[in-house]
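Structural overview for review
Residues per chain, in single letters:
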Amino acid sequence: MPKIHKVYPPFYNGVSQQNPELILDNQCKEMVNCIPSVVEGLLKRPPVNHQKTITFADQPEMADGKVFHTYDRGENNEEYIFVETSNYDNPVQIFNLDGEPMVVEFEAEHETTIKDYLANSNLKALTVQDRTWMFSRDALIDIDTTNTFPLKEGYTKEAFYWLKRGSGDRYNPYNYAVYLNGQIIQVSPNKPSIQTYDPATGYEDSDYAATQLAALINGTSISSQTTSAYLAGGETKTFNVDIGKNKQSPTYALNLPGVAASGYYSASVLSNSYNSTTGIYSITILNTSYDNDDWGDPFDIPISFSFTITFTAAPTNFKAEVKGSLLKITREDGGDFEFSSWDSWGNQASIGWKGSVNKITDLPKDFPFADTHVKITGEEQTTFTDYFVKWNGSSWEETLDPEENRGVLTNMPIKLDRIAIAAGVATFKFDTIDWSPPRVGNLENNPNPSFAPSETGLKRAVQDMFFYKNRLGFASDDSIVLSETANYTNFYISSVVTSLDTDVIDVTVATNQASKIHFTKPFNNSLYIFTKYAQYELVSERAFSPDSVSLVNTSNYPMAIDVEPVVVNDSLYFISTTNNRQQLRQYIKTDNLDIKGVDLNVSTPTYLADPIRTLIVDGVLGYIVCTTDTNEVYLYNFKEDGTTRIQSAWSKWSLLNGLETAANSFEYFGLSSNLLVICKTASDYRYHKLQLDSNVVNDKVDTSSADNTIIDSYNYTSSVQLPDYYPKMTDIRSPKHKLLIKKVTIEGEGAFDAEVYRKDYDTTYTKSHNSSLKDLDLTVASRVGNVDITILDSSVNDFKLTSVIVEGMMTVTSREMK
């Protein structure tokens, strides 16, 4: 029976739930309220120190108070804690790290809107510099059209006719015509030959022709028609002249020859009438010419003459406004109508439109009518997206469908700005955000973002917010929406005609599993999306743009949907769950740039017994605190040497033992190097902090207070339970060779106790060691497997364990053969 001894390092790899044959020398059975260090050994955890207590008698709303956000401003020791309350008038309280209240204000113009939004509760926040973007996971986004209106309803009830060019030839002017509900209204000037007469300048000019056409449409054009006539001496005759239907105010004028040498020419109109239905003007004329020799005798001189009928154009029930060579035509009653146009130069001299044109080059480059909107439809048989333009006074620019009322996004996230600080008290101010409405297109080619109500009226809430590649992003249901680049309030495209790399990005998770997105995390130059059963990466094949991004499934770990993943250094951590187990998983990039989710609970598969609520990280110290809603938390310590992880240690902390609190009322947050510990009792709301990097040697006692005056102490016990030692004869320890433990020697500093639990006697023996460390030996006299050895300390003093030496006797009954 040889005598052997085993030296244990200070268990810097924490707890292992493996069988004794597999457990490492630097692991133990259990570790409570300790910090395992690869440099210093095993230390007691820092204490929890009371900061502030708010009684429900003073502030009843704090009975429902809940911390939902913290942030470190990065200068002047400005660190802030945000608490959601149940008070409508005081919905959010803000405290500094010492628990002192800050000033919270509301923009007066939007105060009711802000408080209504905050009343949705379930608040979350994202801070960038001095602005906090705040959102409620319970606020259903809507679109409000109450105070918005279409740009121009009835824009299709306006017709435009552009006489692009005139002939420039007085003897051959162009004809121009419009068809208004079947009425043909045209400028059709005479085209005399050069031998007949020399016409005045006029219809060959497009501006002049447009003016004449407008006069015809408006019924204000004055025209005349001359008819040649002959009457014998004393003859009476009725002439019927077709001047056109519905002419207005026709009048006549007789054009008699001059005085004859032999007498006088004269004629009398006996009657005249106009039938507007037939268009016939009737005039009866008597020849009253007479001879000089027969003064007073019967009229006997024949006469050749003409008469001219002057009239105003027929009313059309339309009105036209003319500017230059452009006409704007509408119905007098504002109704709709059919419209087309024509010109005698093969329709090349003019263009008319009503509501739409095929291409924007069909429109004049200089346009005189304000508030004009046009739809660009594209040529037939082309894959063209309709869009809309308006005249802005100097050019045509893209615009919205004039007849759509797109409204504005409502019940959207709000902002909170830190606007001042004086004497250590910061002032914060809430205000709404001017979320940009759509500026171009319609619902078909520029739809609302995915987080807006669906076509069926289904409303959604923002589940997470993030910043990525200079864009603000929203996660909602199964979609990810990123704003326009550098324009965080715009979630609509900028142009229907041109796809821009800076345009909004809207992508959806495509899967046959539940795909509601709960969290999004920018990590390692990528964006990772977490659903209940899978994880996705937003990837881009080239420049990050709407046309190049897609969601790729990277892993399929079921996750705790109420525990937000955290990024620390070059790793991303999240909690994966099954029905009965929880795992802390780490996302890392492999050598071939794939993502791998490492299980950090391989040797502790059931160690995370209580449901995890939050993950709090300190990348400098290498701590990940897995918190619960009780006073117990789980600590994961890690240290890396280049690419190798040299420490991967689990242990647990039990905080404020003995303090009577409301059930499941504990909250934990990280701020700077502090773990914020918040809980409620039956009468108050208490705030504490634990400084993770504390280097205070003693005073290891938790404190709290009911009145901020009397400080109560709560001692805690730090302990480590030694593993069962099986000698290693080959590569694996053998349970065949059970050591008869004689003595355990503890190396280190401080005061502590050692407990030996004899399973065969169901008895615990305790030996105390004072700070002089005169006697650190513990006599056991029991075989491995029949005894549990625990080193513990409940004093306010610190201790440091550097090694544990186990000595005993062993009988080798057999050896493993290789």
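Residues numbered from 1 in each chain as written. Predicted model: local features only at pLDDT ≥ 70, side-chain atom pairs only at ≥ 80, totals over all residues. Heavy atoms only, no water.

1. Side note on the pattern of salt bridges
Considering all chains together, one arrives at 38 salt bridges under this definition. Across the salt bridge formed by Asp702 and Arg45, the nearest N and O atoms sit 2.8 Å from each other. Placement of the pair is Asp702 in strand β54 (residues 702–705) and Arg45 in the loop between β4 (41–44) and β5 (49–55), with a sequence separation of 657 residues. Pair check on accessibility: Asp702 and Arg45 agree, each one buried. Several salt bridges share partner residues, and in doing so they unite Arg73, Glu75, Glu78, Asp130 and Arg418 into one network. (Salt bridge = Lys/Arg side-chain N within 4 Å of Asp/Glu carboxyl O. Helix = DSSP H or I, 4+ residues; strand = E, 2+ residues; numbered from the N terminus. Buried < 20%, exposed > 50% of the residue type's maximum accessible area, 1.4 Å probe, protein only.)

2. Looking at the confidence of the model for the chain
Across the chain, the average pLDDT comes to 89, with 93% of residues at 70 or higher. For the chain, per-element mean pLDDT is lowest for strand β19 (residues 263–264), which scores 74, and highest for strand β13 (residues 159–163), which scores 98. (pLDDT = per-residue confidence, 0-100.)

3. Description of the sheet that holds strand β45 (residues 582–589)
Spatial ordering of the open sheet is given by β43-β44-β45-β46, a layout of four strands whose pairing is antiparallel. Two strands bound the open sheet, and with one partner strand each, they are β43 (566–568) and β46 (595–599). Averaged over all pairs of adjacent strands, the angle between their axes in this sheet comes to 30°, without regard to strand direction. (Pairing = 2+ DSSP bridges. Axes fitted to C-alpha atoms, helices over the stretch in contact; angles between N-to-C directions.)

4. Overview of the pairing of strand β50 (residues 644–654)
As judged from the 10 bridges shared by strand β49 (residues 632–641) and β50, these two strands associate in the antiparallel manner. Each bridged residue has a counterpart across the sheet, and for Tyr634 the counterpart in β50 is Lys652. Counted between consecutive antiparallel strands, the loop separating β49 from β50 contains two residues, among which Gly642 sits at a positive phi close to 70°.

5. Concerning helix α2 (residues 206–218)
Its 13 residues give α2 an end-to-end C-alpha distance of 18 Å, which sits within 8% of 18 Å, the value for a rise of 1.5 Å per residue. Here α2 has its buried residues at Ser206, Ala209, Ala210, Gln212, Leu213, Ala214, Ala215 and Ile217. Close packing links the buried residues of α2 with β13, β14 (176–180), β15 (183–187), β24 (318–323) and β25 (326–331). The N-cap residue of α2 is Asp205: its side-chain oxygen and the backbone nitrogen of Asp207 are 3.2 Å apart. Directly beyond the C-terminal end of α2, a positive phi value near 70° is found at Gly219. (Expected span 1.5 Å × (residues − 1). Contact = heavy atoms within 4.5 Å. Polar contact = N/O pair within 3.5 Å; in protein donor to acceptor, adjacent residues only side chain to side chain.)

6. Digging into the environment of Val39
Counting through the fold element by element, Val39 comes out in the loop between β3 (34–37) and β4. The spatial distance from the C-alpha of Val39 to the C-alpha of Tyr12 is 8.9 Å, given a sequence separation of 27 residues.

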